[in-house]
Number of protein chains: 4
Amino acid sequence: MSNQNPVFIPGPTNIPDRLRLAMQVQTQDHRAPDFVETFAPVLEDTKKVFGTTEGQIITFPASGTGGWEAAITNTLSPGDKVLVARYGVFSHRWIDLCERHGLDVQIVECTWGTGAPADRFEAILSADKAHDIKAVLVTHNETATGVRSDIRAVRHAMNAANHPAMMFVDCVSSLASMPFEFDQWGVDIAVSGSQKGFMLATGMAILCVSPKALAAMETAKLPRTFFDFRDMMAANASGGFPYTPPLQLIYGMRESLKMLFEEGLDNVYARHTRLAEGVRRAANAWGLKLVAQTPDLCSDTVSAIYVPEGFDSNELTDHAFNTYGVSFGIGLGELNGKAFRIGHLGSLTDVMVLSGLATIEMAMADLNYPIELGGGVAAAQEFYRAGTSGHAKAAA
Amino acid sequence: MSNQNPVFIPGPTNIPDRLRLAMQVQTQDHRAPDFVETFAPVLEDTKKVFGTTEGQIITFPASGTGGWEAAITNTLSPGDKVLVARYGVFSHRWIDLCERHGLDVQIVECTWGTGAPADRFEAILSADKAHDIKAVLVTHNETATGVRSDIRAVRHAMNAANHPAMMFVDCVSSLASMPFEFDQWGVDIAVSGSQKGFMLATGMAILCVSPKALAAMETAKLPRTFFDFRDMMAANASGGFPYTPPLQLIYGMRESLKMLFEEGLDNVYARHTRLAEGVRRAANAWGLKLVAQTPDLCSDTVSAIYVPEGFDSNELTDHAFNTYGVSFGIGLGELNGKAFRIGHLGSLTDVMVLSGLATIEMAMADLNYPIELGGGVAAAQEFYRAGTSGHAKAAA
Amino acid sequence: MSNQNPVFIPGPTNIPDRLRLAMQVQTQDHRAPDFVETFAPVLEDTKKVFGTTEGQIITFPASGTGGWEAAITNTLSPGDKVLVARYGVFSHRWIDLCERHGLDVQIVECTWGTGAPADRFEAILSADKAHDIKAVLVTHNETATGVRSDIRAVRHAMNAANHPAMMFVDCVSSLASMPFEFDQWGVDIAVSGSQKGFMLATGMAILCVSPKALAAMETAKLPRTFFDFRDMMAANASGGFPYTPPLQLIYGMRESLKMLFEEGLDNVYARHTRLAEGVRRAANAWGLKLVAQTPDLCSDTVSAIYVPEGFDSNELTDHAFNTYGVSFGIGLGELNGKAFRIGHLGSLTDVMVLSGLATIEMAMADLNYPIELGGGVAAAQEFYRAGTSGHAKAAA
Amino acid sequence: MSNQNPVFIPGPTNIPDRLRLAMQVQTQDHRAPDFVETFAPVLEDTKKVFGTTEGQIITFPASGTGGWEAAITNTLSPGDKVLVARYGVFSHRWIDLCERHGLDVQIVECTWGTGAPADRFEAILSADKAHDIKAVLVTHNETATGVRSDIRAVRHAMNAANHPAMMFVDCVSSLASMPFEFDQWGVDIAVSGSQKGFMLATGMAILCVSPKALAAMETAKLPRTFFDFRDMMAANASGGFPYTPPLQLIYGMRESLKMLFEEGLDNVYARHTRLAEGVRRAANAWGLKLVAQTPDLCSDTVSAIYVPEGFDSNELTDHAFNTYGVSFGIGLGELNGKAFRIGHLGSLTDVMVLSGLATIEMAMADLNYPIELGGGVAAAQEFYRAGTSGHAKAAA
């Protein structure tokens, strides 16, 4: 029965029934009118989730990593300089990808638990009089540490430095769960995926690209075919795809957008904030520290929580899985063994989160953590029940 | 999202993914060999769940009520006398059905919260020297009160009275969740359904019939066609059905049996006992009383819990549903407004039950019940976590 | 792969993807408002398919046979006289059911291949000056012979005889595929099921009941509980069900109605007529005779076709199933061995029907029937392609 | 209803029910043991389909195009020379991809309708004394023309020339439908996808890589991250994935392999040959010419068929889709307007193919093609029915 329990990993997320059904599409001819009529509105509606009217939506049958690769290869040339801060496994991976593609990566090392350092970016960009830096890469939500960076602040820094670099943002684990303002924040490419806030199966990279980034395509010399924006945009323009499209995910995306809009994006964000705050209060009740260093840095989609000195977080997550059949995120990179993560994004309710908190409490008690059974649950309950005016039913 | 929460009604129960897929069968010709090869083993395997080698399994595309009607009409004649105790809504309904079919129903009124009164049955049966009583009707698990009756004791009473009446047992909400011993207990007809312990959609009445009850068919004069055992048995004998069979439920039943046997019936029963005990400890922590009057009467599939004096249980279940999107059983019959019910049967884990307990706690707190948030949860957690040797993974 | 072939039995019919998904509903609390909001419109919309504004829709979790039993037991008393013609297996079964329930059945024997004998009914009814006959029972579409009876003519006969008997109609294999006019034809109870024109799984009997038949409930003395109209109507009135409802089928029914209305009932009927006519032309091209004796008797949902003298129709259907993986209807009753049946109702297109015709042609050729490969197919193709103005796409 | 018709495009192919259910997996933690236990055998079993014991299976969440890109970028460096013949749209696309990645592509132009020119390859390779050519690229089954190339012959040519170049083969539309012998043919990289012979949704590129190609990874300088063999192999070695895996497709792949092995690969190939031959006989009966120039070149998965002079193949496929709701492949590239294609691969039976033939016949008749209704169907029927020893049931 334990496979009926929800997962609390920070993605892929629990797929709601409605989306599982929506993805169960029989093969259709993707050259037929039906596909065209389905796909075009999906692209259009996705803009609302990115907060854009000017951006171009581009999807690939790939994962978020593929989306990053598409962002880089369509806009940059070998030897181009990019600026990026490292504050977790996912920002690190992006750096690695850039280096493998022959870019000149200027890395700003940050303590894990902090976010994008707008001030240091500003200093560096101001110093780059020659405008060698072609792009600033920012991970909006660092899934490894549960830290949300302030993208608006990065944009302000870039503006303050009066620097023309493009800004690329990884919003894989934030989009459709936390507010995103592509146009307002001046993002040039935002990269996301199907398996987080969109609550779908893994397999679709979803990008939003600004006119400025599109213009960069013309001179970009990094090789690409599968991930070429130009082929995709040309095919999409007539409702097509340059190769076989991931039909099931496109139909899933259509229904996911419908669900998000029915709940209302603001309500979706508010739900994530509420779920997250409950988890944070539980952690506090357990006397455990979040990896995120300050409250303003706390992600609303995932919380990374330090285990007490002398405990091994891998043992905790293994025990929770083996004994209670519940998956939590392990500590990644330098946090391995030191922290575990509770994913609280996508298709989740207060009720489901409480089962996760109750479970990890049992696991902690089993392993002699100095916590009280029911303590974290009660802290979350107290928060969830305050102001109960119909919220839990909102997305029924 | 709230429709992703599990339900805590005492049936229909949460359908596990595996069974939802198993029931998603495309139409096949039920006169073709494939159907025969599927159906015969299902009937055979179902015997194990009833605990019988001598009984005959008979199914109908109907609900449990239809199963009751089949039991009566195939074995009795207008005016026949039956003995039955009333201790809840479901035992009451059976009485009503008998009366509508022109039977002479001798009713033993019992306090709700108690079970089948073996001693009073013995007295009545002993006094029935003429053996006018043709059948004793017992509800194994009274879903309205959360009381499990002792069927073995009823059999002993009948034997002690040396009475030849048949014994019919309603095990709709107990079969496949609590031990059932058709042969050992000397049951003549047991009536169950697809939507409780079998974790399937509603729509199949499942009966087990003893040779003695089959013999009674020959003289029974109550009219029946749809529910006629003879037609069904004759058709089943060659793998057929006297009318269009409920293919989806039959395939679902095949998979359900597979799941039950993979987990192991004893493990299934132990899981239900464990889940139930956690709920009872939570109720105790809340200071609330069970409807079941003594511990030995407590059902392992549903707990009926009195709300404190001055509170309305309907308000509680409504609030839980409207605010948190979780369904609990309401109080039925004379318990309406006075008790609510937590169903804990079928496809459920400790983890899922904890979410139900956490939810009803929040609802009680919202309505100013004198309970402590986290209190019931902690009591259940403490019990669930004790002896964690792999139990939760058992039926993964 | 052969289980991917459509079936050509006259029900249960091929379930379209859309309905398979619609029936894949997770358990919900049937006492909750969502169920009420779903169920009431389903009952209301079903009226359109029956062609009624005055009739009451009543459903049971059962098969069509259960629907017949409900019709009888709710309106008649033991010893009541009913008039019915026997012209196939299904009209025969209804007679059998009436007899088992102690009714006095006046049977009019008709040649199989003919339909309800309005003239003989008129004579008998006219002669029944005492109005002993309480109901006339008519099978609208005799599935065994592929004959559609003229219900309007039966009504005229009853009116001409100035007889007050009720008229009950079995429309199991015609409703939602061929026109039905409950009000205009003066039907008192019409009985159908979920697994034919509604294209759903088996398991729901669907009845339409006139005010006159409802009035008869008050005096009807045949025992019933599971099938009691009164309990069902009382519960339905507040959106409920007197026992656990077949949730999956109710949600399926909602979607089925939506599909029927999207295609348009008139287009649905026209499609069935077109599909049927193609099959009839194929039979003609093969030189085979239909069981239906005259063109006006031909059913649009199933064609029963005589095999030539000296051939065994069972061998033909067995061969088609075993060799090509396609199910056709066997000859039933006195037609066993002499005729086979092609079901052409529900979720079917011209294209699918052509595959059935091509298959039975191969099977006939294999068994040395004097037919030409492609001959029947060509006759059907010629008909299907004539007037191709978008018809095939109608219900896409 | 027309969306219930099978598609006759050469991929994505009709998804059988069993695989649609298999892909309907709820999210699991891909870092948990269950995933490891599922994924490793999938990789192992896939080898059997490629006909290899030495090759390494590598999958990516991408389309076949992504697979090509992976093949190139993991083994070659900018400026490397590759030899490839152009005889259709898909061989052309591969050339385009190589050129975009800065390779030096030596193109052998061939008439469309022919296959890989082993003799011309041999001459070129023999002349390449410096062994500048690093790889020979061959499209096994050119989906645009319905031509199967002789890979063994290409290997013989390479051996005859005593040339050390690697051989890369596109088997996207042949694998799991036609025999493939990775080891025997000396293939170095074979590229396929989930949506053709594996009968799954689009979204997984499936490669088989020889030890020689793996060795080339070490020196290959084309940039890659998402498609990097090394990351994937390192992660796979411990049952993991370098990024979020496409869980649904992996579970689907497991079931697909099970289906293929249950039917037996030889039976799968024989079925495709039989289906294809029926289509070819139909084309012949229509008096239409295949694009494939000689019988030995004919693909068993797709037939490209010239329309007569003066007719527009696009009009034909549009009409078939718009009027009868059936999708056929259009003519691609220089064949656009001149030929249409019938895909006959994956989850298909004789019965289903006959419906496709009957449909295109109707469409041709509607458009005044000089064909006889039923003629092509009869030719296919005659072939399909010859030797009916249980073949059609093989994969039931």
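Residues numbered from 1 in each chain as written. Chains lettered and ligands numbered in written order. Predicted model: local features only at pLDDT ≥ 70, side-chain atom pairs only at ≥ 80, totals over all residues. Heavy atoms only, no water.

In the nomenclature of an unreviewed UniProt entry, chain A corresponds to Serine-glyoxylate aminotransferase from the organism Ruegeria conchae. The Cofactor (unreviewed entry) comment attached to chain A in UniProt states, word for word, "pyridoxal 5'-phosphate". In the Sequence similarities (unreviewed entry) part of its UniProt record, chain A is described as follows: "Belongs to the class-V pyridoxal-phosphate-dependent aminotransferase family." (UniProt positions renumbered as here; feature names shortened; annotations may be inferred.)

Caption draft 1: Broad picture of the domain arrangement of chain A. Residues and elements named next belong to chain A. Taken domain by domain, chain A holds domain 1 (2-12 + 264-393) and domain 2 (17-261). In this structure, domain 1 and domain 2 have C-alpha centres spaced 28 Å apart. Of the roughly 2200 Å² buried at the junction of domain 1 and domain 2 (both faces included), carbon and sulfur atoms supply 61%. The largest per-residue losses of area from domain 1 upon contact with domain 2 belong to Leu265, Tyr269 and Leu297, which jointly make up 24% of the total buried on that side. Scanning the region where domain 1 abuts domain 2 turns up one salt bridge. Where domain 1 meets domain 2, there are twelve residue pairs in polar contact (both at pLDDT 80 or more). Secondary structure elements with two or more residues in the side of domain 1 that touches domain 2: helix H10 (265-285) and strand E10 (302-306). A per-element tally of the side of domain 1 that touches domain 2 places H10 first, with four residues. (Domains from an automatic or database assignment. Buried area = accessible area lost by both parts, 1.4 Å probe. Salt bridge = Lys/Arg side-chain N within 4 Å of Asp/Glu carboxyl O. Polar contact = N/O pair within 3.5 Å; in protein donor to acceptor, adjacent residues only side chain to side chain. Helix = DSSP H or I, 4+ residues; strand = E, 2+ residues; numbered from the N terminus.)

Caption draft 2: Seen up close, the packing of aromatic side chains. Scanning the entire structure with this criterion turns up 58 aromatic pairs over all chains. When the centroid spacing of 5.1 Å and the interplanar angle of 65° are considered together, the rings of Phe180 of chain B and Trp185 of chain B count as edge-to-face. Neither residue differs from the other here; Phe180 of chain B and Trp185 of chain B are each classed as buried. When the centroid spacing of 5.4 Å and the interplanar angle of 10° are considered together, the rings of Trp68 of chain C and Trp94 of chain C count as stacked. Remark: Trp94 of chain C occurs in helix H4 (residues 89-100) and Trp68 of chain C occurs in helix H3 (residues 64-73); sequence separation between them is 26 residues. With respect to class, Trp68 of chain C is no different from Trp94 of chain C; both count as buried. (Phe/Tyr/Trp six-rings, centres within 6.5 Å; stacked < 30°, edge-to-face > 60°. Buried < 20%, exposed > 50% of the residue type's maximum accessible area, 1.4 Å probe, protein only.)

Caption draft 3: Highlighting the relation of the copies chain A and chain D. The transformation that overlays chain A on chain D combines an axial shift of 0.0 Å with a rotation of 180°, and the residual RMSD is 0.0 Å. Accordingly, the operation relating the two chain copies is best matched by a two-fold axis. Residues of chain A ranked by C-alpha distance from the rotation axis are headed by Ala62 of chain A, positioned 2.6 Å from it. A share of 100% of the interface residues of chain A reappears at the interface of chain D, consistent with the copies meeting face to face through the same patch. (Least-squares fit on C-alpha atoms with pLDDT ≥ 70 in both. Contact = heavy atoms within 4.5 Å.)

Caption draft 4: Spatial organisation of the pattern of salt bridges. Under the defined criterion, the tally for this structure stands at 84 salt bridges over all chains. Arg148 of chain B is the partner of Asp300 of chain B in a salt bridge, and the nearest nitrogen-oxygen pair spans 3.4 Å. Taken as a pair, Asp300 of chain B in the loop between helix H10 (265-285) and strand E10 (302-306) and Arg148 of chain B in strand E6 (residues 147-148) lie far apart in primary sequence, 152 residues in all. Overall, Asp300 of chain B belongs to the buried group, its relative accessible area being 5%. Through salt bridges with shared partners, a single ionic network connects Asp96 and Arg100 of chain A together with Arg224, Asp228, Arg230 and Asp231 of chain D.

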